[in-house]
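Listed here are the chains, written in short residue letters.
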Amino acid sequence: MFKKAALLSAVAIIAISTPALARDQIRIVGSSTVYPFATAVAEEFGKTSGFPTPVIESTGSGGGLKLFCAGVGTQFPDITNSSRRIKKSEVEECAKNGATEVTEVKIGFDGIVLANNINGPTMDISRAEIWQALAKQVPVDGKLVDNPYKNWNEIDPSLPNEAIEVLGPPPTSGTRDAFVELVMEHGCEEFDAVKAIEDKKMRGAVCKSMREDGAFIEAGENDNLIVQKLVSTPTAFGIFGYSFLEENGDKVKAATVEGVAPEYDAISSGEYPVSRSMYFYVKNAHVGTVPGIKEYVTEFTSEDAFSPVGYLAQRGLIALPDAARAEVAKTAQSLTPMKM
């Protein structure tokens with residue numbers, strides 16, 4: 001009986017003192033916009049590297065960073081994709097939970113499009129008009145009121161005489177964050193009634209808040225579902241990344257924003273008003289514990305992958321300029337920790 005008890009005690013001590021077995025697959029979470037690019041790299045990496053194909057989950061940028069920054073250990077993700085830059089508060093959350101060294105990898109550019117069925121109305125629209133269509137409150141006769149607009153042409157006669165119905169990403173999405181920053185916050189600045197609000201917090205809420213009366217519909221993190229909805233509903237519009245427009249050019253088309261179409265060169269140069277950068281983040285503490293992380297980063301930042309003629313360009317990635325791309329590859333492949 002004593003021997004049995006001693007044996008059980010020893011097993012318990014070993015179980016407590018031994019860390020969880022390392023995973024043999026890289027675990028990646030994050031942005032639905034970066035997901036197609038990460039998936040393409042993961043598939044190529046799995047075929048050519050000798051390491052298992054990484055497991056990738058589309059959680060949205062905010063959701064991915066929350067999971068990524070929750071701690072260090074094989075129960076937490078190794079890499080998170082993001083269609084916006086990590087926030088200072090997220091860096092601090094990572095550090096608080098032990099992830100003190102994180103490598104930032106900027107992979108290229110993307111444009112956020114307002115798209116509809118290829119057979120639907122063609123639209124040229126400003127960011128101020130998009131804000132008027134989607135904001136919870138808008139100025140009418142100099143006063144802020146609950147959004148009264150039902151049809152696009154009520155905002156401007158040149159816009160379609162169709163009901164406003166826009167499918168877009170949820171608050172956990174980096175696309176949502178970027179859309180709010182680049183479109184909603186910019187568009188609201190055109191109106192004196194908004195500029196007159198002295199309380200910055202209140203003014204920010206007016207600029208950022210989306211209407212909740214059914215004209216704007218949160219459609220989840222799967223941009224392909226938005227495309228499917230646009231195919232079946234010719235009068236609806238959807239908000240998603242340029243790569244999904246490229247993949248579905250036979251089904252959907254994009255509005256021009258302030259006279260500029262979301263095309264490769266216009267997004268790369270920043271001429272298209274709703275352009276943004278895309279990233280992934282690596283938890284350096286997991287390198288050497290989970291096999292293949294460094295090699296995956298090297299594959300992603302190789303010229304075969306993320307250059308203008310790489311296989312990611314065929315998926316819609318808009319490449320960084322040559323000098324910037326070389327610098328990113330050097331920093332990424334050496335796993336140099338980021339500094340905010």
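In this report, the structure presented in the accompanying data block is examined. (Residues numbered from 1 in each chain as written. Predicted model: local features only at pLDDT ≥ 70, side-chain atom pairs only at ≥ 80, totals over all residues. Heavy atoms only, no water.)

## Some points on the packing of helix α5 (residues 127-134) against helix α6 (residues 174-188)
One way to put it is that α5 packs onto α6 with a least axis distance of 7 Å and a crossing angle of 95 degrees. Of the possible angle classes, the one that applies to α5 and α6 is roughly perpendicular. Every residue of α6 that contacts α5 at Arg127, Ala128, Ile130, Trp131 and Leu134 is listed here: Phe179, Leu182, Val183, Met184, His186, Gly187 and Cys188. Taken together, the residues of the contact of α5 with α6 break down into nine nonpolar, two polar and one charged. (Axes fitted to C-alpha atoms, helices over the stretch in contact; angles between N-to-C directions. Helix = DSSP H or I, 4+ residues; strand = E, 2+ residues; numbered from the N terminus. Parallel < 35°, antiparallel > 145°, perpendicular 65-115°, else oblique. Contact = heavy atoms within 4.5 Å. Nonpolar A, V, L, I, M, F, W, Y, C, P; charged D, E, K, R; others polar.)

## Some thoughts on the side chain of Ser31
Assignment of secondary structure puts Ser31 in the loop between β1 (27-30) and α2 (35-48). Reaching out from Ser31, the side chain makes a polar contact with the backbone nitrogen of Thr33 at a distance of 3.0 Å. At 3.1 Å, the side chain of Ser31 forms a polar contact with the backbone nitrogen of Val34. Filtering out sequence-adjacent residues up to four positions away, Ser31 remains in contact with Ser58, Gly60, Ser61, Asn81, Ser82 and Ser83. (Polar contact = N/O pair within 3.5 Å; in protein donor to acceptor, adjacent residues only side chain to side chain.)

## Some points on the packing of aromatic side chains
Throughout the structure, instances matching the rule amount to eight aromatic pairs. A ring pair is formed by Trp131 and Phe191, whose centres lie 5.2 Å apart and whose planes are at 35 degrees; its orientation type is tilted. Separated by 60 residues along the polypeptide, Trp131 in helix α5 and Phe191 in the loop between α6 and α7 (192-195) bring together distant segments of the chain. Since its relative accessible area comes to 0%, Trp131 is described here as buried. A centroid spacing of 4.8 Å and a plane angle of 40 degrees characterise the contact between Phe280 and Phe300, whose relative ring orientation is tilted. In this pair, Phe280 is assigned in strand β13 (residues 275-283) and Phe300 in helix α12 (residues 293-300), connecting sequence segments 20 residues apart. Here the two residues Phe280 and Phe300 agree in accessibility, since each one is buried. Between the NZ or CZ atom of Lys283 and the centre of the ring of Phe68, over which it lies, the distance is 4.6 Å. (Phe/Tyr/Trp six-rings, centres within 6.5 Å; stacked < 30°, edge-to-face > 60°. Buried < 20%, exposed > 50% of the residue type's maximum accessible area, 1.4 Å probe, protein only. Lys NZ or Arg CZ within 6 Å of the ring centre and 35° of its normal.)

## A word on empty space enclosed by the protein
Applying the stated criterion to the full structure yields one cavity of 30 Å³ or more. Volume-wise, the largest cavity comes out at about 40 Å³. Forming the boundary of the largest cavity are Ile112, Val113, Leu114, Ile130, Phe179, Val183, Ile239, Val257, Tyr272 and Val274. If you list the elements that add at least two residues to the lining of the largest cavity, you get β4 (102-117) and α6. Top contributing element to the lining of the largest cavity by residue count: β4, with three residues. Looking at the lining of the largest cavity, its residues break down into ten nonpolar, no polar and no charged. (1 Å grid on protein atoms, 1.4 Å probe; cavity = no way out; pocket = protein on both sides within 12 Å on 5 of 7 lines; lining within 4 Å. Points joined across faces, edges and corners; volume = space filled by probe spheres on them.)

## Quick look at α2
Each α-helix winds once per 3.6 residues, and so residues spaced three or four apart point in a common direction. Relative to the 20 Å expected for 14 residues at 1.5 Å per residue, α2 spans 20 Å between its end C-alpha atoms, a close match to the ideal helical length. Where the residues of α2 are buried, they touch β2 (55-56), β3 (79-82), β4, α10 (242-247), β13 and α12. Where α2 ends, the next residue or the one after it, Gly50, has phi of about 90 degrees, a positive value. (Expected span 1.5 Å × (residues − 1).)

## Regarding the state of the cysteines
Think of a disulfide as a covalent bridge from one cysteine sulfur atom to another cysteine sulfur atom. In this structure the tally under the stated criterion is two disulfides. Between Cys69 and Cys94 runs a disulfide, and the two sulfur atoms are separated by 2.0 Å. Disulfide Cys69-Cys94: the torsion about the S-S bond is -70 degrees, which places it as left-handed. Note that Cys69 is positioned in the loop between α3 (61-68) and β3 and Cys94 in helix α4 (residues 88-96), a separation of 25 residues in sequence. (Disulfide = S-S within 2.5 Å.)

Note that every value here comes from positions in space, so none of it alone points to a role or purpose.
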